[in-house]
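Structure at a glance
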Amino acid sequence: MNLVTLLPFIVLIGAMFLMTRSAKKKQQQAAQMRDTMTPGTGIRTIGGMYATVKELGDDTVTLEVAPGVHAIYAKMAIAAVLEDDEYNRIVHGTAAPADADSPVVPDDISSLTRDGAEAPEADPKKDAAEEPKLDLGKKDADGEGGAK
């Protein structure tokens, strides 16, 4: 047989080998991630539910989805094992300690004004009289507006 005739088959077999290899590698990484689970670990399921691991079985895991509410899930349903600080930030809303370089955002505007006093209100009539009005109409090449 000619090499040109066999080339498409060789390329197909190579592509299939590479695809199955990468899929197998992802499955191994997911299995390793699931093996790191211990009771008390925060997780996210494939459905997007956040829970805490309470008990591990061979193929199942018991999750506490709310205080006192337990559910049994398949281990394959665990999408991610989360770090404690990330889980607390997402579920409980606790923020990570602020860095010295990060800006502090105030809760209300009163801290942005002088001495907490209200800023004087602007006079809308005065501002409108000082500023020229914008002409948003189209102009022709000769400077005249309007349609021809």
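Structure's up top.
Figured I'd write up the structure that's included with this text. Quick caveat: nothing in here was measured; it's all calculated off a predicted structure.

Before going further, it helps to examine a negative patch on the surface. Among the surface-exposed residues, Glu83, Asp84, Asp85 and Glu86 lie close enough to one another that they form a single negatively charged patch. Note that Glu83 resides in the loop between strand E5 (78-82) and helix H2 (84-91). On the accessibility criterion, Glu83 (56% relative accessible area) is exposed.

Time to look at the nonpolar core. Counting seven residues, the largest nonpolar core is built from Met37, Ile43, Ala51, Val53, Val61, Leu63 and Ile78. If you list the elements that add at least two residues to this core, you get strand E2 (50-56) and strand E3 (60-66). Not counting residues within four places of it along the chain, the set of residues in contact with Val61 comprises Val53, Glu55, Leu56, Ala71, Ile72, Tyr73, Ala74 and Ile78.

Note on strand geometry: in a regular strand, side chains alternate between the two faces of the sheet. Pairing analysis gives six bridges linking E3 to strand E4 (residues 69-74), with the strands arranged antiparallel. Residue pairing for E4: Val61 is matched across the bridge by Tyr73. Where E3 folds back on E4, the antiparallel hairpin that results is connected by two residues, among which Gly68 adopts a positive phi of roughly 85°.

Glancing now at helix H1 (residues 3-35). Along its 33 residues, H1 runs 47 Å from first to last C-alpha, staying within 8% of the 48 Å computed at 1.5 Å per residue. Within H1, only two of the 33 residues are buried, which leaves the element largely exposed.

About the thresholds
- Residues numbered from 1 in each chain as written.
- Predicted model: local features only at pLDDT ≥ 70, side-chain atom pairs only at ≥ 80, totals over all residues.
- Heavy atoms only, no water.
- Patch = residues over 30% accessible without salt bridge, like charges linked within 9 Å, V, L, I, M, F, W, Y side chains within 5 Å.
- Areas by Shrake-Rupley, 256 points an atom, 1.4 Å probe, with all protein chains shown as cover.
- Salt bridge = Lys/Arg side-chain N within 4 Å of Asp/Glu carboxyl O.
- Lys, Arg positive; Asp, Glu negative; His and termini not counted.
- Charge placed at Lys NZ, Arg CZ, Asp CG, Glu CD.
- Helix = DSSP H or I, 4+ residues; strand = E, 2+ residues; numbered from the N terminus.
- Buried < 20%, exposed > 50% of the residue type's maximum accessible area, 1.4 Å probe, protein only.
- Core = buried A, V, L, I, M, F, W, Y, C linked by side-chain atoms within 4.5 Å.
- Contact = heavy atoms within 4.5 Å.
- Pairing = 2+ DSSP bridges.
- Expected span 1.5 Å × (residues − 1).

Bear in mind that shape data such as this cannot, by itself, settle questions of function.
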